[in-house]
Amino acid sequence: MKYAIFNGERAEPAPKSKGRCPFCDSDVIARCGPVRVWHWAHKSTKHCDHWWEPEKQWHRDWKNSFPEQWQEQGRRDEHGELHIADVLTPHGLVLEFQHSPISREEVENRITFHQNICWVVDGARLENTVKQFKVALEYATPLRSSGAPVYQLQHHNSLFLKKWSGFNAPVVIDFGMEEVWVIGRSLKSSSLMYTLKKELLIEEFKKGNRPNPIEISRPKTRRGNPFRRF
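Rules and cut-offs
Residues numbered from 1 in each chain as written. Predicted model: local features only at pLDDT ≥ 70, side-chain atom pairs only at ≥ 80, totals over all residues. Heavy atoms only, no water. Core = buried A, V, L, I, M, F, W, Y, C linked by side-chain atoms within 4.5 Å. Buried < 20%, exposed > 50% of the residue type's maximum accessible area, 1.4 Å probe, protein only. Helix = DSSP H or I, 4+ residues; strand = E, 2+ residues; numbered from the N terminus. Phe/Tyr/Trp six-rings, centres within 6.5 Å; stacked < 30°, edge-to-face > 60°. pLDDT = per-residue confidence, 0-100. Contact = heavy atoms within 4.5 Å. Pairing = 2+ DSSP bridges. Axes fitted to C-alpha atoms, helices over the stretch in contact; angles between N-to-C directions.

### Re the nonpolar core
Alright, step 1. Of all hydrophobic cores here, the largest spans 24 residues; its most connected members are Trp 119, Trp 164, Ile 173 and Met 193.
Alright, step 2. Of the residues forming this core, the biggest block, three residues, is contributed by strand β9 (residues 117-122).
Alright, step 3. In terms of nonpolar packing, the next biggest core, distinct from the first, is built from 23 residues, Val 87, Leu 93, Cys 118 and Ile 214 among them.

This is the structure:
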């Protein structure tokens, strides 16, 4: 966790500090080593949110793009089950930043729990992921679009893209560049994708907006653009 209750206030970890978890009120200890990003850790081995995972600097960089009070916000369902959103905007949009491997089942569970959610995933974690995506992009089919350029990428060229396609929520892939890739629509064996400036995406997130899907439409009386964005 990035924040805990220390001296009665929400605070980031500092060496040799002890605090309380803001969600379960259990003891937490500041971990401030030279290797891992500084964080608060539960004194017991059990975290109050079983979806919790260790963070990297990549997580923190994304979180820090948003106001502190939006970060690490706990939510409970009607049964009292607790989950901590990486970012929860005042508009009710949840942002989940995913660096480490995660099962498809867990992704779907989080989508069901939060509903109004957008995933931002780290595409640069593995060198092979970047190589495969470059191959998929090399063989991609550019499509005519009234908005940003749209590309159809085949799943057999990128296992990472295949894994993150087909969800009932937007998925943004961050390769550590100024632009991110958005999965605008998932087809049976391919995905339609477009790019956005990261700064623009963050500003839209702050307004509570998710990346637009790509809608396939058919012309009524004359030939037209078969792909358009909302």
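### Topic: the packing of aromatic side chains
Alright, step 1. Here the structure, examined in full by the defined rule, presents nine aromatic pairs.
Alright, step 2. When the ring of Phe 133 is compared with that of Trp 181, the centres are 5.5 Å apart and the planes differ by 65°; the resulting orientation is edge-to-face. Separated by 48 residues along the polypeptide, Phe 133 in helix α3 (residues 127-138) and Trp 181 in strand β13 (residues 179-186) bring together distant segments of the chain.
Alright, step 3. Relative to Trp 181, the ring of Tyr 151 has its centre 5.9 Å away and its plane inclined at 65°; by these criteria the two rings are edge-to-face. Residue Tyr 151 is found in strand β11 (residues 150-154), and its partner Trp 181 is found in strand β13; the two are separated by 30 residues along the sequence.
Alright, step 4. Using a relative accessible area of 12% as the deciding quantity, one classes Trp 181 as buried.

### Topic: the confidence of the model for the chain
Alright, step 1. Model confidence for the chain is summarised by a mean pLDDT of 85, while 89% of its residues fall at 70 or above.
Alright, step 2. pLDDT under 50 marks residues 218-230. Its contacts with residues more than four places away, or in other chains, come to 30 contacts.

### A few points about the environment of Val 172
Alright, step 1. As for its position among the elements, Val 172 is in strand β12 (residues 171-174).
Alright, step 2. Each C-alpha atom of the pair Val 172 and Val 120 lies 4.7 Å from the other, and the pair is 52 residues apart in sequence.
Alright, step 3. Among all residues touching Val 172, those that are not within four sequence positions of it are Cys 118, Trp 119, Val 120, Val 121, Val 180, Trp 181, Val 182, Leu 201 and Pro 211.

### Some thoughts on the sheet that holds β11
Alright, step 1. A sheet is described by the order of its strands in space; here nine strands give the open sequence β6-β7-β8-β9-β12-β13-β14-β11-β10, paired in mixed fashion. Lying at the two open borders of the sheet, with one neighbouring strand each, are β6 (71-76) and β10 (141-143). For this sheet, the mean angle separating the axes of adjacent strands, direction not counted, is 40°.
Alright, step 2. Bridging between strand β8 (residues 94-98) and β9 involves five bridges; their strand directions are parallel. In the sheet register, Phe 97 faces β9, and the bridge partner there is Val 120.
Alright, step 3. With respect to the sheet, α3 is in contact with β11, β13 and β14 (190-197), its orientation differing from that of β11 by roughly 120°.
Alright, step 4. Its contacts with the sheet place helix α5 (residues 198-206) against β8, β9, β12, β13 and β14, and it is angled at close to 90° to β14.

### Some remarks on unusual backbone geometry
Alright, step 1. Here the phi dihedral of Glu 72 falls at roughly 50°; this positive angle occurs in a residue that is not glycine.
Alright, step 2. With phi around 65°, Gln 115 is a residue other than glycine that occupies positive phi space.
Alright, step 3. Classification of Gln 115 as exposed rests on a relative accessible area of 59%.

### Some remarks on the side chain of Ser 190
Alright, step 1. Assignment of secondary structure puts Ser 190 in strand β14.
Alright, step 2. Apart from residues no more than four positions distant in its own chain, Ser 190 is found in contact with Gln 152, Leu 153, Gln 154 and His 155.

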